[in-house]
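# What the coordinates show
Given next are the chains, with one letter for each unit.
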Amino acid sequence: MTQEVMNDLTASKYQLVEWRVSIYGRKRSEWDTLAKWFYNNRLAHPNVRWMIQIPRLYHNYRRAGQVQSFQELLDNIFLPLFEISVDPTTSPELHYLLETVVGIDSVDDESRPEFKSLAAGAAGLPTPDQWTQVENPPYGYWMYYTYANLCVLNQLRASRGLTTFTFRPHCGEAGDMDNLLAAFLTADGINHGILLRKNASLQYLYYLAQIGIAMSPLSNNKLFLDYHKNPFPAYFKKGLNVSLSTDDPLMLHYTKDPLLEEYSVAAQVWKMSTTDICE
């Protein structure tokens, strides 16, 4: 299946894709396993870039005894990246993979109720090495420590002439409005963002900062919001930095061109002109 898609990309040289694959943080060896799979199957392609998804599932790993603290999960995710950035020869396969990675994503079910401790203020939150309880850290906590590690990692990689990574988490599809605030403070762009329609002030901040919002109306229609209620056309008219994207195309789309489906449906339903489509 993967090779068939690669062949299609070669035949259609103007088609670009961004694929996602997950790193869970349960073990330090996950990066090596992923890199060997990537290298052995020759998945590098000039028209393909990769996003690394980090599922917010600490509570599951802690309950299963796979990690003992949130710091251990962070170490499993980021330490291999620091090590390979210092000396790429330690794992040529991982270096090869990272040259095609453009960003880090954070994914979860935002509608799931989560442990709330932000009311106590930052001083009331344990540091990652002290976060040993089973409860999942709040969304903002995940965002901050992912952002902090990425900032240092990107500075290191830039200083050595290596590629750097953007931070583009799933955010604002469901759940708490605080999630969108946390992403505004830490992220380069977000996926979904449909809840911004409920807060004009926060929406204005996203407009001023021109934070990218990759929206997937067909996915939202399946899971959270009827298509005709999607705020994409309103965001677009107001000048927010929005784009149409796909989400879970194998489950939600019907052709080999899922992005074309998103554009076709949007153009018909919202009466978008050719100029709108180009923008």
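Our subject is the structure listed above.
Now for a quick tour of the structure. These figures come from a predicted structure and were not determined experimentally. (Residues numbered from 1 in each chain as written. Predicted model: local features only at pLDDT ≥ 70, side-chain atom pairs only at ≥ 80, totals over all residues. Heavy atoms only, no water.)

The subject of this paragraph is the pattern of salt bridges. The tally for this structure, following the rule as stated, stands at 5 salt bridges. Across the salt bridge formed by Arg 168 and Glu 18, the nearest N and O atoms sit 3.0 Å from each other. Residue Arg 168 is located in the loop between strand S4 (166–167) and strand S5 (170–171), and its partner Glu 18 is located in strand S1 (residues 17–22); the two are separated by 150 residues in the primary sequence. Three or more residues are tied together by salt bridges with common partners; here these are Glu 18, Arg 20, Asp 105 and Arg 168. (Salt bridge = Lys/Arg side-chain N within 4 Å of Asp/Glu carboxyl O. Helix = DSSP H or I, 4+ residues; strand = E, 2+ residues; numbered from the N terminus.)

Moving on, we get to the packing of aromatic side chains. Inspection of the entire model under this criterion finds 16 aromatic pairs. Between Phe 38 and Trp 50, the aromatic rings sit 5.7 Å apart at their centres with planes inclined by 80 degrees, giving edge-to-face as the arrangement. Pair noted here: Phe 38 is in helix H2 (residues 30–40) and Trp 50 is in strand S2 (residues 48–55), with a separation of 12 residues, a long-range link. Each member of the pair, Phe 38 as well as Trp 50, is classed as buried. Both rings, one in Tyr 39 and one in Tyr 96, keep their centres 5.3 Å apart while their planes meet at 80 degrees; by these two values the pair is edge-to-face. Placement of the pair is Tyr 39 in helix H2 and Tyr 96 in helix H5 (residues 92–98), with a sequence separation of 57 residues. Relative accessible area serves as the criterion here: at 30%, Tyr 96 is assigned to the partly exposed category. Three or more aromatic residues joined by ring pairs make a cluster, and in this case those are Tyr 58, Phe 70, Trp 131, Tyr 141, Trp 142, Tyr 144 and Tyr 145. (Phe/Tyr/Trp six-rings, centres within 6.5 Å; stacked < 30°, edge-to-face > 60°. Buried < 20%, exposed > 50% of the residue type's maximum accessible area, 1.4 Å probe, protein only.)

Let us now look at helix H6 (residues 139–159). Helix length check: H6, at 21 residues, gives a terminal C-alpha distance of 30 Å against a target of 30 Å (1.5 Å per residue), a fit within 8%. Of the residues making up H6, those classed as buried are Tyr 139, Tyr 141, Trp 142, Met 143, Thr 146, Leu 150, Leu 153, Asn 154 and Arg 157. Two residues or fewer past H6, Gly 161 is found with a positive phi of approximately 75 degrees. (Expected span 1.5 Å × (residues − 1).)

With that settled, consider the nonpolar core. Counting residues in each nonpolar core, the largest one holds 64 residues, and the members touching the most others are Trp 31 and Tyr 206. By residue number, the principal contributor to this core is helix H4 (residues 70–86), which donates 8 residues. Residues within four places of Trp 31 in sequence aside, it is in contact with Ile 23, Ile 52, Asn 76, Ile 77, Pro 80, Leu 81, Leu 94, Leu 97 and Leu 98. (Core = buried A, V, L, I, M, F, W, Y, C linked by side-chain atoms within 4.5 Å. Contact = heavy atoms within 4.5 Å.)

Another point: the packing of helix H7 (residues 178–186) against helix H8 (residues 200–209). Where H7 meets H8, the closest approach of the two axes is 11 Å, and the angle between their N-to-C directions is 20 degrees. One way to sum up the angle between H7 and H8 is to call them roughly parallel. As for the relative orientation of H7 and H8, their crossing is left-handed in sense. Residue-level inspection shows Leu 180, Leu 181, Ala 183 and Phe 184 of H7 in contact with H8, the latter providing Leu 202, Leu 205, Tyr 206 and Ala 209. Within the contact of H7 with H8, the residues separate by chemical class into 8 nonpolar, no polar and no charged. (Axes fitted to C-alpha atoms, helices over the stretch in contact; angles between N-to-C directions. Parallel < 35°, antiparallel > 145°, perpendicular 65-115°, else oblique. Left-handed = near helix turned anticlockwise from the far one by under 90°. Nonpolar A, V, L, I, M, F, W, Y, C, P; charged D, E, K, R; others polar.)

Let's shift gears to the sheet that holds S5. Ordered in space as S5-S6-S7-S8, the 4 strands form an open sheet in which the pairing is parallel. Here the strands that pair on one side only, and so sit at the sheet edges, are S5 and strand S8 (242–244). (Pairing = 2+ DSSP bridges.)

Position of Asp 105 among the secondary structure elements: in strand S3 (residues 101–107). A polar side-chain atom of Asp 105 sits 3.1 Å from a polar atom in the side chain of Arg 20. Separated by 3.0 Å, the side chains of Asp 105 and His 170 make a polar contact. Once residues lying within four places of it in the same chain are set aside, the contact partners of Asp 105 are Arg 20, Met 51, Ile 52, Gln 53, Ile 54, Arg 168, Pro 169, His 170 and Asn 191. (Polar contact = N/O pair within 3.5 Å; in protein donor to acceptor, adjacent residues only side chain to side chain.)

On to helix H12 (residues 258–269), then. For the α-helix, the turn length of 3.6 residues means that residues three or four positions removed from each other point alike. Taking 1.5 Å per residue as the helical rise, H12 with its 12 residues ought to reach 16 Å, and the 17 Å between its terminal C-alpha atoms agrees with that figure. Residues of H12 that are buried include every one of Pro 258, Glu 261, Glu 262, Ala 266 and Ala 267, and no others. In this structure, the buried side of H12 is in contact with helix H9 (217–223), S8, helix H11 (249–252) and helix H13 (274–278). With its phi angle positive at about 50 degrees, Lys 271 sits one or two positions after the end of H12.

This part takes up the packing of H6 against H7. Between H6 and H7, the shortest axis-to-axis distance is 9 Å and the interhelical angle comes to 10 degrees. With respect to each other, H6 and H7 are oriented roughly parallel. Counting all contacts with H6, which are made through Tyr 139, Gly 140, Met 143, Tyr 144 and Tyr 147, the residues of H7 involved are Asn 179, Ala 182 and Thr 186. Within the contact of H6 with H7, the residues separate by chemical class into 5 nonpolar, 3 polar and no charged.

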